[in-house]
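Residues per chain, in single letters:
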Amino acid sequence: RDISNECFVLGLKFNPNWSAKRLQEFHQENIKVMLESEIQFLENIIFPIQVEVPGGFTFINDLKSLLVEGKTMNHCVFHSYQNSIKKGEYCVIHSDIYNCTIGIRVGYKNGEYGYWSIDQIRGYANQAVEQSELIKSELIETLETLNKNFKPTQKQIEEVDLAF
């Protein structure tokens with residue numbers, strides 16, 4: 001999905017029969033091109049969700065910081081998640097200690113929509129992060145705060161229900 005969106009934006013074509021390695025390289029090349037061109041024209045927007053995080057972590061609270069995170073970490077967090085973040089359905093944290101990006105998504109728990117949980121933890125260029133379980137344990141309080149203070153709106157719940 002990411003590569004299809006990138007090709008649309010950049011006017012490129014790709015071969016879905018390429019190897020996984022070639023697709024990953026193509027994806028990384030596209031992200032670099034897109035980030036370089038966007039940073040100079042970007043209007044900064046403060047995201048609707050703001051939450052405290054533990055020391056050694058940085059909450060990505062605005063659009064320019066998200067772009068810088070994507071560029072610094074060489075992955076697609078900016079292009080793939082900015083719309084969900086703007087709608088208050090996703091948030092991103094950077095770990096300075098483990099040099100990784102943590103994505104947190106609102107979703108379902110026990111059949112009810114509105115539960116925040118860690119969606120992914122990625123290192124530079126989407127590499128796996130060995131300390132994922134440790135990172136999750138360090139962010140328990142942050143998740144508790146999100147689950148207590150940031151419930152989805154009725155409109156968000158209805159939009160999710162319509163999608164299924």
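Residues numbered from 1 in each chain as written. Predicted model: local features only at pLDDT ≥ 70, side-chain atom pairs only at ≥ 80, totals over all residues. Heavy atoms only, no water.

## Thoughts on the confidence of the model for the protein chain
Piece 1. Overall, the predicted model of the protein chain reaches an average pLDDT of 88, with 95% of residues at or above 70.
Piece 2. Taking the mean pLDDT of every element in the protein chain, the minimum, 66, falls on helix H7 (residues 154-163) and the maximum, 98, on strand S2 (residues 90-95). (pLDDT = per-residue confidence, 0-100. Helix = DSSP H or I, 4+ residues; strand = E, 2+ residues; numbered from the N terminus.)

## Quick notes on the pattern of salt bridges
Piece 1. Counted according to the given criterion, the structure contains four salt bridges.
Piece 2. The salt bridge involving arginine 105 is made with aspartate 119; its shortest N-O contact spans 3.4 Å. With a gap of 14 residues between them, arginine 105 in strand S3 (residues 100-109) and aspartate 119 in strand S4 (residues 112-122) connect regions that are remote in the sequence.
Piece 3. Judged by its relative accessible area of 35%, aspartate 119 is partly exposed.
Piece 4. Two residues, glutamate 133 and lysine 136, come together in a salt bridge whose shortest N-O distance is 3.4 Å. (Salt bridge = Lys/Arg side-chain N within 4 Å of Asp/Glu carboxyl O. Buried < 20%, exposed > 50% of the residue type's maximum accessible area, 1.4 Å probe, protein only.)

## Details of helix H4 (residues 77-86)
Piece 1. Along H4, seven of the ten residues are buried, which leaves the element largely enclosed by surrounding structure.
Piece 2. Looking at the buried positions of H4, the neighbouring elements they touch are helix H1 (2-10), helix H2 (20-38), helix H3 (63-73), S2, S3 and S4.
Piece 3. Glycine 88 occupies a position one or two residues after H4 and carries a positive phi of about 80 degrees. (Contact = heavy atoms within 4.5 Å.)

## Some thoughts on unusual backbone geometry
Piece 1. Of note, the phi angle at asparagine 74 is positive, near 55 degrees, even though the residue is not glycine.
Piece 2. With respect to the secondary-structure elements, asparagine 74 resides in the loop between H3 and H4.
Piece 3. Phi is positive for asparagine 99, which is not a glycine, with a value near 45 degrees.
Piece 4. When you line up the elements, asparagine 99 lands in the loop between S2 and S3.
Piece 5. For asparagine 99, a relative accessible area of 43% puts it in the partly exposed group.

## Points about the sheet that holds S2
Piece 1. With respect to topology, four strands assemble into an open sheet ordered S1-S2-S3-S4, the strand pairing being antiparallel. Two strands close off the open sheet at either side, each with one partner strand: strand S1 (57-59) and S4. Strand after strand, the sheet turns through a mean of 30 degrees between neighbouring axes, direction not considered.
Piece 2. Where S3 lies against S4, nine bridges are found, and the strand directions are antiparallel. Bridged to isoleucine 104 within S4 is isoleucine 118.
Piece 3. Strands in contact with H3 are S2, S3 and S4; relative to S3, the strand with the most contacts, it is inclined by about 120 degrees. (Pairing = 2+ DSSP bridges. Axes fitted to C-alpha atoms, helices over the stretch in contact; angles between N-to-C directions.)

## Observations concerning the packing of aromatic side chains
Piece 1. Taken as a whole, this structure holds four aromatic pairs when the rule is applied.
Piece 2. Where tryptophan 18 meets phenylalanine 26, the ring centres are 5.1 Å apart and the plane angle is 70 degrees; that geometry is what we call edge-to-face.
Piece 3. Residue classification places phenylalanine 26 among the buried residues on the basis of a relative accessible area of 7%.
Piece 4. Three or more aromatic residues joined by ring pairs make a cluster, and in this case those are Phe14, Trp18 and Phe26.
Piece 5. The ring of tryptophan 18 carries the charged tip of arginine 22 above its face, separated from the ring centre by 4.7 Å. (Phe/Tyr/Trp six-rings, centres within 6.5 Å; stacked < 30°, edge-to-face > 60°. Lys NZ or Arg CZ within 6 Å of the ring centre and 35° of its normal.)

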